[in-house]
Amino acid sequence: MIFPKWTNQIPFLIPIGLALVGGAVAAGVTVYCTPKNTRVGYQPVQPVPFSHAVHAGQLGVDCRYCHSTVEKSWFSSIPAASTCMNCHSLILKDDPRLALVRESFTNNTPIPWVQVHIVPDYVYFNHSVHVARGFSCVECHGRVDQMDEVHHAKSLSMSFCLDCHRNPAAFIRPPGKVTDLGWQWSTNAAEAAKLQEVNGKNFVHDWRVESLQSCSACHR
Amino acid sequence: MRHLLYSILLIVAIAAAAFTIVGIPGHLSRKPPLEVFPDMDRQAKLRPAQPFDFFTNGLSSQLPPAGTVVRSSPVKTLNGEVYSYQDVPFNTGRVTGTTNFVALNPLPVGSALLQRGRGQFDIYCAPCHGGLGDGNGITKKLGVMPAVISLHDKRIIEMTDGEIFNTITHGKGLMGAYGPTVTAQDRWAIIAYTRALELSRLGSPDELSAEQRAALKK
């Protein structure tokens, strides 16, 4: 007998093994190689330890005080050092954590902030059109007002965009509440869902929200 | 049967090892997102406010050279359409050709402008001056900003609209300049809303309609 008896099982074991390995690889790729994992959770060290939780959450400063171009431009601006110095010329004016800001203010040198949310270059996202139509910062950026250090909270993948573009009524809100990240229709979840459904449909119709799904809406 | 058991154990061990290395999906990480083929994701073009070695200051966004005129659509004022580069009260707060401040808002004041002014006031002014303009903003509550002026002060009420425009644009005393972040149109809207805030404390019940007075009594 050249081959031992167990070799008879090989034709059955090979497909089972392949299925197990293939399944594991497919599951691993789906979970780990999509933006839900590759982008979500990215929390770079910033040159200045600016806390959104303090400024936007605790002090209640509106997002637009610093990101002032968000309503007018495709790009939501990073504030100039002069915006920081509106308050920090008096508050914590000798704090070492703000040394870079003061240096930027006096010498006109850029602060090397690390961009957290950055879509691929073939995606043309326009902030102003979304904000003006009542899509809150929170939908894409998460509860930044609760983050001491900003991290990437949502995947910003293409399917993430399409979830909303296929059903904008589920996400739209009154434009005045766009920067109120914790805002909800009602504290009662069932009632909030009902109000979202009724008002969402009306808003989308009344404000002629197009939510295009054509390729060229985002890719040019 | 034993071989099958061993191979399953082996796969579980490999999976556990892989899991320890890559971690829970979406966990906080300092490492930038992995981009396997970045050549299309990151194209040879510039985005705003990014590092760029070509210029000596290392920035992709450059300040415009002195004297650059903004390309913009004209704004409708009470004295016709004006552009952002013109020496008109809308842009300077001063009577054309003089240093005198204009007395009144050059924009037609209506409910849309007041609503816009309210929104902008709440963003840029309320942190110090307070939502009611009485100087009780968050900075006062924390006691970090000394002497925030109340917009209901006689001095402010008597101030011309043009001078307030000048203060918002260039700052004054401890207040920083808001010209760079707030557009001229929005600055005038803020002034209109400030006047409405002042009126809310200056007016008398006699100025209200009978209906509004009845509502007040409730």
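Per-chain numbering applies: the sequence of each chain, read as written, is numbered from 1 onward. The naming scheme follows written order: chains are lettered A onward, ligands numbered 1 onward. Predicted model: local features are reported for residues with pLDDT of at least 70 only, side-chain atom pairs are reported and counted for 80 or more only, and whole-chain, interface and lining totals are derived from all residues. Side-chain numbers here rest on the full set of heavy atoms in the structure, without hydrogens or water.

Peer 1: Got a sec to walk through the side chain of D134 of chain B? Specific residues and values, please.
Peer 2: All names here are of chain B. In DSSP terms, a helix is any run of H or I states spanning at least four residues, a strand is any run of E spanning at least two, and both are numbered starting from the N terminus. Here D134 shows up in the loop between helix 5 (126-129) and helix 6 (138-142). Definition of a polar contact: a pair of N or O atoms within 3.5 Å, with one able to donate and the other able to accept a hydrogen when the atoms are protein atoms, and with sequence-neighbouring residues admitted only if both atoms are side-chain atoms. A polar side-chain atom of D134 sits 3.2 Å from the main-chain amide nitrogen of N136. Contacts are assigned to residue pairs with any non-hydrogen atoms lying within 4.5 Å of each other. Setting aside residues up to four positions removed in sequence, D134 forms contacts with H129, S150, H152 and R201.

Peer 1: An account of the interface of chain A and chain B is requested, with residue identities and associated values reported.
Peer 2: When the parts of a complex come together, some accessible area is lost, and that lost area is often used as the size of the interface. Residue-level contacts link 42 residues of chain A with 44 residues of chain B. What counts as buried area is the accessible surface, traced by a 1.4 Å probe, that two parts surrender upon association, with contributions from both included. Summed over both sides, the interface of chain A with chain B buries roughly 3,800 Å², with 61% coming from carbon and sulfur. Broken down residue by residue, the surface that chain A buries against chain B is led by Y32, Y65 and D121 of chain A, which jointly contribute 17%. One speaks of a salt bridge when a side-chain nitrogen belonging to Lys or Arg is within 4 Å of a carboxyl oxygen belonging to Asp or Glu. Scanning the region where chain A abuts chain B turns up four salt bridges.

Peer 1: I'd love a proper account of the environment of A189 of chain B, names of residues and values included.
Peer 2: Considering the arrangement of structural elements, one finds A189 of chain B in helix 9 (residues 184-202). By relative accessible area, A189 of chain B is classed as buried at 0%. Each residue's exposure class comes from its accessible area (1.4 Å probe, protein chains only) as a fraction of the maximum for that residue type: buried when under 20%, exposed when over 50%, partly exposed otherwise.

Peer 1: So what's going on with the domain arrangement of chain A? Residues and values would help.
Peer 2: Boundaries between domains were set according to an automatic or database domain assignment. For chain A, the assigned domains are domain 1 (12-37) and domain 2 (45-78 + 113-218). Here the C-alpha centre of domain 2 of chain A lies 34 Å away from the C-alpha centre of domain 1 of chain A.

Peer 1: Which residues make up the state of the cysteines, and what values do they have?
Peer 2: Criterion for a disulfide: a pair of cysteine sulfur atoms within 2.5 Å. Within this structure, the stated rule accounts for zero disulfides over all chains. Just so you know, C140 of chain A is unpaired, no disulfide at all, and the nearest cysteine sulfur is the one on C161 of chain A, 6.8 Å from it. Take C140 of chain A: its relative accessible area is 24%, and that puts it in the partly exposed class. C125 of chain B takes part in no disulfide bond, and the closest cysteine sulfur to it belongs to C128 of chain B, at a distance of 9.4 Å. Taking the relative accessible area as the measure of exposure, C125 of chain B reaches 14% and is therefore buried.

Peer 1: Pulling in residues and values, what's your account of the packing of helix 4 (residues 111-124) of chain B against helix 9 of chain B?
Peer 2: Residues and elements named next belong to chain B. Structural elements are reduced to axes, namely lines fitted to C-alpha atoms, with helices fitted over the stretch in contact, and the angle between N-to-C directions of any two is expressed from 0 to 180 degrees. Packing of helix 4 against helix 9 brings their axes to within 7 Å, and their N-to-C directions diverge by 95 degrees. The angle between helix 4 and helix 9 falls in the class roughly perpendicular. Listed contacts from helix 9 to L113, L114, R116, G117, R118, Q120 and F121 of helix 4 are D186, A189, I190, A192, Y193, T194, A196 and L197. Residues of the contact of helix 4 with helix 9, tallied by class, amount to nine nonpolar, three polar and three charged. Should an angle lie under 35 degrees it is considered roughly parallel, over 145 roughly antiparallel, and from 65 to 115 roughly perpendicular; all remaining angles are considered oblique. Throughout this entry, Asp, Glu, Lys and Arg are counted as charged residues, while Ala, Val, Leu, Ile, Met, Phe, Trp, Tyr, Cys and Pro are counted as nonpolar. The remaining residues, Gly among them, count as polar.

Peer 1: Quick one: what's the story with the packing of aromatic side chains, residue by residue and with numbers?
Peer 2: Within 6.5 Å between ring centres, the rings of Phe, Tyr and Trp (the latter by its six-membered ring) count as paired, and their orientation is classed by plane angle as stacked under 30 degrees, edge-to-face over 60, tilted in between. In total, this model carries 13 aromatic pairs over all chains according to the counting rule given. Relative to Y178 of chain B, the ring of Y65 of chain A lies with its centre 6.0 Å away and its plane at 70 degrees, an arrangement referred to as edge-to-face. A residue pair is termed interchain when its members come from two chains, as with Y65 of chain A in helix 4 (residues 63-66) and Y178 of chain B in the loop between helix 8 (161-170) and helix 9. Accessibility assignment for this pair places Y65 of chain A and Y178 of chain B in one class, buried. An aromatic cluster is built from W183, W185, F203 and W207 of chain A, whose rings are joined through pairwise contacts.

Peer 1: Give a detailed account of unusual backbone geometry, specifying residues and quantitative values.
Peer 2: Residues and elements named next belong to chain A. Positive phi outside glycine occurs at L92, with the angle close to 50 degrees. Structurally, the position occupied by L92 is in the loop between helix 5 (81-88) and helix 6 (99-107). Here S211, not a glycine, exhibits a phi torsion of approximately 35 degrees, which is positive. Along the chain, S211 turns up in the loop between helix 10 (189-206) and helix 11 (215-218).

Peer 1: Got a sec to walk through the nonpolar core? Specific residues and values, please.
Peer 2: Within the largest apolar cluster, 29 residues are counted, with the highest numbers of intra-cluster contacts made by F90, F121, Y124 and W188 of chain B. Of all elements in the fold, only helix 4, helix 8 and helix 9 of chain B reach the threshold of two or more residues within this core. No other element matches the eight residues that helix 9 of chain B contributes to this core. When sequence neighbours within four positions are dropped, the list of residues in contact with F90 of chain B reads V75, T77, V82, P106, L107, F165, A184, Q185 and W188 of chain B. Grouped together as the second largest cluster of nonpolar side chains are nine residues, F135, W185, A192 and V204 of chain A included. As used in this record, nonpolar core signifies buried Ala, Val, Leu, Ile, Met, Phe, Trp, Tyr and Cys residues forming a set joined through side-chain atoms within 4.5 Å.

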